[in-house]
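# Descriptive structure summary
Below, each chain spelled out in residue letters.
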Amino acid sequence: GSFSDKNGTVTCTLCSKGSFSIANATMCNLCAPGTFSENDGSAECTLCEAGYSTEGVRGEDKCVACPAGQFAADPGTGSCSKCAAGTSTDNEAGAHYCTDCPAGKIAAEEGAANCTACNAGSYSVSKKLCAVCKAGTFSSKAASPNCTDCDAGTSSKDN
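Reading guide: rules and limits
- Residues numbered from 1 in each chain as written.
- Predicted model: local features only at pLDDT ≥ 70, side-chain atom pairs only at ≥ 80, totals over all residues.
- Heavy atoms only, no water.
- Helix = DSSP H or I, 4+ residues; strand = E, 2+ residues; numbered from the N terminus.
- Rg over C-alpha atoms; globule rule 2.2 N^0.38 Å.
- Contact = heavy atoms within 4.5 Å.
- Lys, Arg positive; Asp, Glu negative; His and termini not counted.
- Charge placed at Lys NZ, Arg CZ, Asp CG, Glu CD.
- Buried < 20%, exposed > 50% of the residue type's maximum accessible area, 1.4 Å probe, protein only.
- Disulfide = S-S within 2.5 Å.

Moving on: the overall build of the protein chain. Check the secondary structure of the protein chain and you find 0 helices and 18 strands. A globule of 159 residues ought to have a C-alpha radius of gyration of about 15 Å, yet the protein chain, at 26 Å, is considerably larger. Each principal axis of the C-alpha atoms in the protein chain carries an extent, and together these give about 100 × 15 × 15 Å. Of the contacts made within the protein chain by residues no fewer than 6 positions apart, 33% connect residues no fewer than 24 positions apart. If you average the places of the 11 positive and of the 17 negative side-chain charges in the protein chain, the two averages end up 7 Å apart.

In this fold, Leu 14 is placed in strand β2 (residues 13-14). As for Leu 14 and Ala 43, which are separated by 29 residues in sequence, their C-alpha atoms are 9.9 Å apart.

With the exception of glycine, most residues fall at negative phi, and the peptide bonds are largely trans. Residue Asn 24 is not a glycine yet carries a positive backbone phi of 65°. Note on Asn 24: relative accessible area 80%, which makes it exposed. With a phi angle near 55°, Glu 55 is a residue other than glycine that sits in the positive phi range. Following the sequence through the fold, Glu 55 ends up in the loop between β7 (52-53) and β8 (64-65).

The next point concerns the state of the cysteines. Tallied over the full model, the rule gives 8 disulfides. Covalently, Cys 15 is tied to Cys 28 through a disulfide, its sulfur atoms 2.0 Å apart. Taking the sign of the torsion about the S-S bond as the criterion, the disulfide between Cys 15 and Cys 28, at about -90°, is left-handed. Here the residue Cys 15 occupies a position in the loop between β2 and β3 (19-20), and Cys 28 occupies one in the loop between β3 and β4 (29-30), the gap between them amounting to 13 residues. Paired by a disulfide, Cys 83 and Cys 98 hold their sulfur atoms 1.9 Å apart. Because the sign of the S-S torsion sets the handedness, a value of about -80° for the bond joining Cys 83 and Cys 98 places this disulfide among the left-handed ones. With Cys 83 in the loop between β10 (81-82) and β11 (87-88) and Cys 98 in the loop between β11 and β12 (99-100), this residue pair connects regions lying 15 residues apart in the sequence. Like Cys 98, Cys 83 is buried. The thiol of Cys 150 is not disulfide-bonded; the next cysteine sulfur, from Cys 133, is found 9.1 Å away.

Take the environment of Asp 100 next. For Asp 100, the location among the structural elements is in strand β12. In this structure Asp 100 comes out as exposed when scored by relative accessible area, which is 52%. Distance from Asp 100 to Cys 115, taken between C-alpha atoms, is 8.7 Å for residues 15 residues apart in sequence. Residues within four places of Asp 100 in sequence aside, it is in contact with Gly 86, Thr 87 and Lys 127.

Okay, here's the thing in structure tokens:
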């Protein structure tokens, strides 16, 4: 956790936060992305926990939570990854993983913080796409996983 870069020195200098050194060091090393040291004089860096990262930066003294729509599955992750289309983190920061959108809701793009409901009159074709109900069918509520056939004696029109 300290170093001396001159011969004949009587004291060593502590490494600053975000860096470390081994015994007999002549310099401090910055913590790698995905690791940190929060105190001066560290002999090693600590892995960021799952759901946190250093945003790809070296020499950090803390890790930050992945923002909603991103995740870090493993400890020591240097940067958070965006959720795939069709998944989200349910508006939570610090996620370890993304979850599939439920039927009737979608995430059309990658990095979605939450899944959005398909409008009334439409349904979720997949976890990424809503489609308008066909003529002769309907969905009266938002977030419908499918369209319902019209009863005999009733009808609907294409939108």
